[in-house]
Amino acid sequence: MSDLTHLTAAAIATGVRTGAFTARAVAEAHLARIAAHDGQVGAFTAVTAERALATAEAVDAKRRGGAPLGPLAGVPYAVKNLFDVADLPTLAGAKINRDRAPASRDAALIEKLSAADAVLVGALNMGEYAYDFTGENAHDGPSRNPHDLTRMTGGSSGGSGAAAAAGFVPVTLGSDTNGSIRVPSSLCGLFGLKPTFGRLSRARSFPFVTSLDHLGPLARSTADCAAFYDAMSGHDPDDPVSQDRPAPALTPEVEAGIGGLRIARATGYFDRMQKEAARSATAKVADALGAGTVEIPFVEAARAAAFVMTCSEGGTLHFERLRTRAGDFDPDTRDRLMAGALLPAAHVATAHRVRRKYRDAMRALFREVDVIIAPATPTRAPALGQKTFTLDGQTVPVRANLGLFTQPFSFIGLPVMSVPVWTGGEDLPIGVQIIAPAWREDIAVRVAGHLERAGIVASRVAALG
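We now turn to the structure provided with this report. Note that this is a predicted model, so its numbers are computed, not measured. (Residues numbered from 1 in each chain as written. Predicted model: local features only at pLDDT ≥ 70, side-chain atom pairs only at ≥ 80, totals over all residues. Heavy atoms only, no water.)

**Let's talk about the environment of A27**
For clarity, the threshold we go by: Here a helix means four or more residues in a row that DSSP labels H or I, a strand means two or more in a row labelled E, and each is numbered from the N terminus. By the convention used here, residues are in contact when the closest approach between their heavy atoms is within 4.5 Å.
Inspection of the secondary structure puts A27 in helix α2 (residues 23-41). Between the C-alpha atoms of A27 and D442, which are 415 residues apart in sequence, the distance is 31 Å. Those residues in contact with A27, other than ones at most four positions away along the chain, are A52, L53 and A56.

**Remarks on the packing of α2 against helix α3 (residues 49-64)**
Filter applied, for reference: Fitted lines through C-alpha atoms serve as axes, helices being fitted only where they are in contact, and the angles separating the N-to-C directions of these axes extend from 0 to 180 degrees. Each angle receives one of four descriptions, namely roughly parallel if under 35 degrees, roughly antiparallel if over 145, roughly perpendicular if within 65 to 115, and oblique otherwise. Residues are grouped as follows: Ala, Val, Leu, Ile, Met, Phe, Trp, Tyr, Cys and Pro are nonpolar; Asp, Glu, Lys and Arg are charged; all remaining types, including Gly, are polar.
Orientation of α2 relative to α3, taken along the N-to-C sense of each, is 160°, at an axis distance of 7 Å. In terms of orientation, α2 and α3 fall into the roughly antiparallel class. Note on element contacts: α3 touches α2 through A49, A52, L53, A56, E57, V59 and D60, opposite A23, R24, A27, E28 and L31. For the contact of α2 with α3, the per-class residue count stands at eight nonpolar, no polar and four charged.

**Focus: the packing of aromatic side chains**
The following threshold applies: Classification of ring pairs rests on two measures: the distance between centres of Phe, Tyr or Trp rings, Trp counted by its six-membered ring, which must be within 6.5 Å, and the angle between planes, read as stacked under 30 degrees, edge-to-face over 60 and tilted in between. For a ring to carry a charge above it, either NZ of a lysine or CZ of an arginine must fall within 6 Å of the ring centroid while also lying within 35 degrees of the normal to the ring plane.
A full pass over the atoms with the stated rule returns ten aromatic pairs. Relative to F329, the ring of Y129 lies with its centre 5.7 Å away and its plane at 45°, an arrangement referred to as tilted. With a gap of 200 residues between them, Y129 in the loop between β3 (119-124) and β4 (136-137) and F329 in the loop between α11 (319-325) and α12 (331-341) connect regions that are remote in the sequence. In this structure an aromatic cluster arises from ring pairing among Y269, F270, F405 and F409. In this structure, R336 is placed above the aromatic ring of Y131, and the distance from its NZ or CZ to the ring centre is 3.9 Å.

**Topic: the sheet that holds strand β6 (residues 171-176)**
Formally: DSSP calls a pair of strands paired once it identifies at least 2 bridges connecting them.
In spatial order, the strands read β1-β3-β2-β6-β8-β7-β14-β15-β11-β9-β10; together these eleven strands make up an open sheet with mixed pairing. Each of the sheet's edge strands pairs with one partner strand only, and the pair in question is β1 (44-47) and β10 (292-294). Neighbour to neighbour, the strand axes of the sheet diverge by 30° on average, direction disregarded. With six bridges joining them, β6 and strand β8 (residues 214-219) adopt antiparallel strand pairing. Following the sheet pairing, S175 is matched in β8 by L215. Strand contacts of α3: β1 and β3, with the helix running at about 160° to β3, the strand carrying the most contacts. Helix-sheet contacts for helix α16 (residues 441-453) involve β7 (191-194), β11 (371-375), β14 (416-421) and β15 (430-435), and the interaxial angle to β14 is about 15°.

**A few points about the packing of helix α10 (residues 299-317) against α12**
Here α10 crosses α12 at 95°, and the two axes come no closer than 7 Å. Here α12 runs roughly perpendicular to α10, going by the angle between their axes. Touching C311, S312, G314 and G315 of α10 are R336, L337, G340 and A341, all from α12. Of the residues belonging to the contact of α10 with α12, the class tally is three nonpolar, four polar and one charged.

**Side note on the nonpolar core**
What counts, and what does not: To qualify as a nonpolar core, a set must consist of buried Ala, Val, Leu, Ile, Met, Phe, Trp, Tyr and Cys residues joined through side-chain atoms within 4.5 Å. Partly exposed residues are those whose accessible area sits between 20% and 50% of the maximum for their type, while under 20% is buried and over 50% is exposed, using a 1.4 Å probe and protein chains only.
In terms of nonpolar packing, the biggest core is built from 124 residues, with F228, I296, M362, I372, F409 and I434 touching the most fellow members. Among the elements that take part in this core, α10 stands out by supplying seven residues, more than any other. Setting aside its immediate chain neighbours within four residues, M362 contacts I296, I372, F409, I412 and L414. Counting 16 residues, the second largest nonpolar core, distinct from the first, contains V41, L124, A166 and F168.

**Quick look at the environment of A266**
Tracing the backbone through its elements, the reader meets A266 in strand β9 (residues 263-266). Its relative accessible area of 2% is what places A266 among the buried residues. Residues A266 and M232, spaced 34 residues apart in sequence, show a C-alpha to C-alpha distance of 31 Å. Once residues within four sequence positions are removed from consideration, A266 is found in contact with D271, V294, I296, I372, I373 and A374.

**So, the pattern of salt bridges**
Spelled out, the test is: Just to be clear on terms, a salt bridge is a Lys or Arg side-chain nitrogen sitting within 4 Å of an Asp or Glu carboxyl oxygen.
For the coordinates displayed, the defined rule picks out 26 salt bridges. E441 is the salt-bridge partner of R199, the closest N and O atoms lying 3.0 Å from each other. Taken as a pair, R199 in the loop between β7 and β8 and E441 in helix α16 lie far apart in primary sequence, 242 residues in all. Per residue, the accessibility class of R199 equals that of E441, and both read buried. Here D332 and R399 are joined by a salt bridge, their closest N and O atoms 3.3 Å apart. Of this pair, D332 sits in helix α12 while R399 sits in helix α14 (residues 398-401); the two residues are 67 residues apart in sequence, bridging distant segments of the chain. Under the relative-accessibility criterion, D332 is labelled partly exposed at 41%. According to the relative accessible area criterion, R399 is buried, its value standing at 16%. Overlapping salt bridges, with partners in common, bring together K95, D99, R325 and D328 in one network.

Spelled out as structure tokens, the structure:
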């Protein structure tokens, strides 16, 4: 049974479809691994075992009856606990939200995955209200990096990173406002896909920054990211930013290759603010792709503007909670949200002007190149509890700066794949971002698939004692 927890989603769906094993056997194996090891890892805040086994039984019954199975038949997955899960309160990592009534309906993306016959096994730990890059939750405890339990997963989708890397499930769902899919993917050694803003529905998920929030998958292969994206894509009128435009399938693009793509590595800011592991990983990927170089204009101003918009919108969203229940917040989260609620409107207006200028500059840049390569995080996973690190000769806070390379791209909603690289004989991975023009997830997936087939990038199931 333990071998089933090391399979990709694609292999599980094929095995269930062909009768090599049952969906129930797959669910039981993953639930057993969670029960054995999540006490160490801290990935889950709720395990929906009864629901998972009932769903698996239904998938097996369909197969026995000759009914067609969905593309993700029997594949276990779990979701960040800001997704509504019917009969669970939607925590969003917060103490305050434990007072909420259980959700009456699943989030839109969970409903789509249910239609594809995937098996939900639970809800995952996360940074409070998604305002976090470390994966350390003050109320539920930290999610721990399965490759080294003394280290961070990254956040705010820390449980999502931990669960996939630990072999608890092959795929998880997370959210990404400033980098919260890509940072845990980098530190935990996963493939993470942040689609274009407006591509995947956010309906019935707890918001953080409405103008920046994205949802997407973290997985142990490019193909699994693509398969889950394909099952979840499509216009949803319940999400006001969901775009009604064609969403070509990504699965055929995984093996399409990189022929004809103009690829460049980001320099300047991205060269300065990194440690050797990030530099080596990015160089390894760029060399394998024959990448040129490009300097991205206004990138530091864009990151600063992203901070302003995040603080302002987050502070406004939580203003009433801050006014009435300030003591129930993690103090670090509370203080940043309170500062955001007090930002002058002129600062926010300036941030929006920077966003427009930066978006125009990136559109012009993408007329010259098709793909940009950049580090996902400036370093491998820091130690749990570590407060500072040194970048470009300066001592800076870990929590704010793990996302310094991811923020500039989510700020204007570009699609990005983070791919895992292992360098220098180290036991910890680090991620590299593959950034494509808006609505061109297919390009990012083509590059990731090429790198994975070439053995340049890879994910590993952590060996847990």
